[in-house]
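Structural overview for review
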Amino acid sequence: MATFTIRLDPSLPAPEAWRRILDLHGHTAVIPLTTVTGAAMTAGALVEGSRFVARTGVGPVGFDDVMVVDEITQPSADRAGRARIRKEGKVVRGSIDLAVTPQASGSRVEWSQQIGVRGVPRVLDPVVALVARLAYGTALERLLARRG
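All of the points below concern the structure found in this document. Because the structure is predicted, anything quoted here is derived from the model rather than measured.

1. What to know about a nonpolar patch on the surface
On the surface, Val120, Val123, Leu124, Val127 and Val131 cluster together into a nonpolar patch covering about 420 Å² of accessible area. Along the chain, the position of valine 131 falls in helix α3 (residues 125–145). With relative accessibility at 52%, the residue valine 131 sits in the exposed group.

Written out as structure tokens, the structure is:
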């Protein structure tokens, strides 16, 4: 599996950064050609066992990125929040570890991910990691910039 980590230091308080990152409606708004659906769509509604699907594609051509929340603890003004999300789709597998930690200047966001793409050989893991890090980094920056 390809692995990568993204670290960002938004000026937002940790609870607000967390809310924006785990606003699944926001993912639909900022990730091209992707629609996220699920019963729990906000940071406050996500609990262990919550399932959601990010459908990426155009019309009938695309794939479902099926995810399940394995662990989740929301941050406070003085305590870090953590989430572990498992990817269990037919095309994309792996996991995401999210940590949002309060800092004097706002918060520290750390997004670590293992990702495997069906049909892509392991020898291409460095390429997958680079492309995924760029795509997820852009999405995280856009989510953090959203007020909605």
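2. Considering the packing of aromatic side chains
What characterises a pair of aromatic rings is the spacing of the ring centres plus the angle enclosed by the ring planes. Per the counting criterion, the structure on display carries 2 aromatic pairs. Consider the rings of phenylalanine 4 and tyrosine 136, whose centres lie 5.9 Å apart with planes at 35°: the pair is tilted. Of this pair, phenylalanine 4 sits in strand β1 (residues 2–8) while tyrosine 136 is found in helix α3, placing the two residues 132 residues apart along the sequence. Between tryptophan 111 and tyrosine 136, the ring centres sit 5.7 Å apart and the planes meet at 35°, which makes this aromatic pair tilted. Of this pair, tryptophan 111 sits in strand β7 (residues 106–117) while tyrosine 136 is found in helix α3, placing the two residues 25 residues apart along the sequence.

3. Side note on unusual backbone geometry
Despite not being glycine, leucine 33 has its phi angle at roughly 60°, a positive value. Position of leucine 33 relative to the elements: it lies in the loop between α2 (24–30) and β2 (34–38). When its relative accessible area of 56% is taken as the criterion, leucine 33 is described as exposed.

4. A closer look at the sheet that holds β7
The strand order across the open sheet built from 7 strands is β1-β7-β6-β5-β4-β3-β2, with neighbouring strands paired in antiparallel fashion. Since the sheet does not close on itself, it has two edges, and those belong to β1 and β2, each with one partner. On average, adjacent strands in this sheet sit at an angle of 20° to one another, irrespective of strand direction. Packing against the sheet, helix α1 (residues 14–21) makes contact with β4 (61–73), β5 (81–88), β6 (92–103) and β7, and its axis sits at approximately 155° to β6. Each of β1, β4, β5 and β7 touches α3; the most contacted strand, β1, lies at about 30° to it.

5. As for the packing of α1 against α3
Close contact between α1 and α3 brings their axes to 8 Å; oriented N to C, the two are set at 120°. Viewed along their axes, α1 and α3 adopt a mutual orientation that is oblique. Viewed along their axes, α1 and α3 form a crossing whose handedness is right-handed. Contacts from Ala17, Arg20 and Ile21 in α1 reach Leu140, Leu143, Leu144 and Ala145 in α3. Within the contact of α1 with α3, the residues separate by chemical class into 6 nonpolar, no polar and 1 charged.

So, how was this worked out
Residues numbered from 1 in each chain as written. Predicted model: local features only at pLDDT ≥ 70, side-chain atom pairs only at ≥ 80, totals over all residues. Heavy atoms only, no water. Patch = residues over 30% accessible without salt bridge, like charges linked within 9 Å, V, L, I, M, F, W, Y side chains within 5 Å. Areas by Shrake-Rupley, 256 points an atom, 1.4 Å probe, with all protein chains shown as cover. Salt bridge = Lys/Arg side-chain N within 4 Å of Asp/Glu carboxyl O. Helix = DSSP H or I, 4+ residues; strand = E, 2+ residues; numbered from the N terminus. Buried < 20%, exposed > 50% of the residue type's maximum accessible area, 1.4 Å probe, protein only. Phe/Tyr/Trp six-rings, centres within 6.5 Å; stacked < 30°, edge-to-face > 60°. Pairing = 2+ DSSP bridges. Axes fitted to C-alpha atoms, helices over the stretch in contact; angles between N-to-C directions. Contact = heavy atoms within 4.5 Å. Parallel < 35°, antiparallel > 145°, perpendicular 65-115°, else oblique. Left-handed = near helix turned anticlockwise from the far one by under 90°. Nonpolar A, V, L, I, M, F, W, Y, C, P; charged D, E, K, R; others polar.

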